[in-house]
Amino acid sequence: MSFPPLVEPAAELTIDEVRRYSRHLIIPDVGMAGQKRLKNAKVLVIGAGGLGSPALLYLAAAGVGTLGIAEFDTVDESNLQRQVIHGVSDIDKPKGQSAKESIAEINPYVNVVLHEERLDNDNVFEVFRGYDLIVDGTDNFATRYMVNDAAYFLGIPYVWGSIYRFDGQASVFAPTLADDAPCYRCLYPEPPPPGMVPSCAEGGVLGVLCASIGSIQVNEAIKLLAGIGDPLVGKLMIYDALEMEYRKLKVRKDPNCALCGDNPTVTELIDYDVFCGAISEEAADAAADATISVVQLEHMLKEREEGSRDFVLVDVREPVEYEINKVPGSVLIPKGDFLNGSALEQLPADKQVVMYCKTGVRSAETLAIVKGAGYSDAVHVGGGVVAWVNQIDPSQPAY
């Protein structure tokens, strides 16, 4: 199903622009009118990371006249495996600034607007207003739900993408373009339980997958802006990079949707961190009085080495993470073993259990399980191995 173009054409293209976009202009579906619409378009890309990098590069190359970049982070060396808009010389530079400089090299005719602040309930409406389309490259559920709700309230369509390891998804959510068009909440009414779905930082992502999904997002953006083709409205594209398989599923509008349904219960922005929950209530309760710092852990390890203290230090990450870095003297028991109960058979009954993960989220979840099994003196390490490497042992690589 096609939709009317989101924007009116610009008055004209310069001679230089005609030369630059000539390969677009000779496509009948795009032509001069379509390229003028792209020139007149204002698109906001949320994030200049894995998905935002290819999206920004190709939107700029395509001739989108105004590109907004909502990004508050700085470039880290671990970003360069997939965030192709940044380079080695950009490490420690604000991502928004780095992206703007790369766009200037790709297409100097693009106007770049930086929003170098974390999106939240206080600023999201102000940032979104004035844009014709939003391309969502976020990587956490709280922000995704906020983007969905804010875009719906403002009547702005948006292109969504998601990546994890070898799998990617993409869709277009635009309830204001059609009465039967679903929103993100129609597809995912509730966020997954805290800790159930690892982030890319915890589970990893194949770098080139970002280009695959990011290019799909740009393709959908161009179709919506120019009013051509059949956008992914009411459809979910699923990509399996290992099997090289694409599937397209129909997504129907949910009449019971809390946002766009017949009787909405979400009528304004909500507390999305509480809605999604960084960790479960059980984990938060367990960690409330059972969290130690990496400095405390270092002292405990010295006491164990001296023989004045005994405990078992458990790394609850995955084996591939354990190969990258670890706290010396730890044993590996992945979180999954705690979830299925097999880990409890490996824990000594006469020693204190100390657990850590990458940042402290997974270890807090496993702490709740261990305390529930009777290990009342169990603790976990706040900040995890990231804090250990940063504060205690910088000789080890970070990831």
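Residues numbered from 1 in each chain as written. Predicted model: local features only at pLDDT ≥ 70, side-chain atom pairs only at ≥ 80, totals over all residues. Heavy atoms only, no water.

## Considerations on the overall build of the protein chain
Piece 1. Looking only at helices and strands, one finds 17 helices and 13 strands in the protein chain.
Piece 2. At 24 Å, the protein chain has a C-alpha radius of gyration in line with the 21 Å of a compact globule built from 399 residues.
Piece 3. Principal axes of the C-alpha set define a box for the protein chain whose edges measure 80 × 50 × 40 Å.
Piece 4. Per-residue burial over the protein chain gives 50% buried out of 399 residues.
Piece 5. Considering only intrachain contacts with a sequence separation of at least 6, the fraction spanning at least 24 residues in the protein chain is 68%.
Piece 6. As displayed, the protein chain offers around 18,400 Å² of accessible surface, 51% of which is attributable to carbon and sulfur atoms.
Piece 7. A gap of 7 Å separates the mean positions of the 33 positive and 56 negative side-chain charges of the protein chain. (Helix = DSSP H or I, 4+ residues; strand = E, 2+ residues; numbered from the N terminus. Rg over C-alpha atoms; globule rule 2.2 N^0.38 Å. Buried < 20%, exposed > 50% of the residue type's maximum accessible area, 1.4 Å probe, protein only. Contact = heavy atoms within 4.5 Å. Areas by Shrake-Rupley, 256 points an atom, 1.4 Å probe, with all protein chains shown as cover. Lys, Arg positive; Asp, Glu negative; His and termini not counted. Charge placed at Lys NZ, Arg CZ, Asp CG, Glu CD.)

## Here we look at the pattern of salt bridges
Piece 1. Within the structure shown, the criterion is met by 12 salt bridges.
Piece 2. Between Arg-185 and Asp-149 there is a salt bridge, with the nearest N and O atoms lying 2.8 Å from each other. Highlighted residues: Arg-185 in helix α8 (residues 184–187) and Asp-149 in helix α7 (residues 141–154), separated in sequence by 36 residues. For the pair Arg-185 and Asp-149, one class covers both residues: buried.
Piece 3. The partner of Lys-351 in a salt bridge is Asp-310, and the shortest N-O contact between them spans 3.6 Å. (Salt bridge = Lys/Arg side-chain N within 4 Å of Asp/Glu carboxyl O.)

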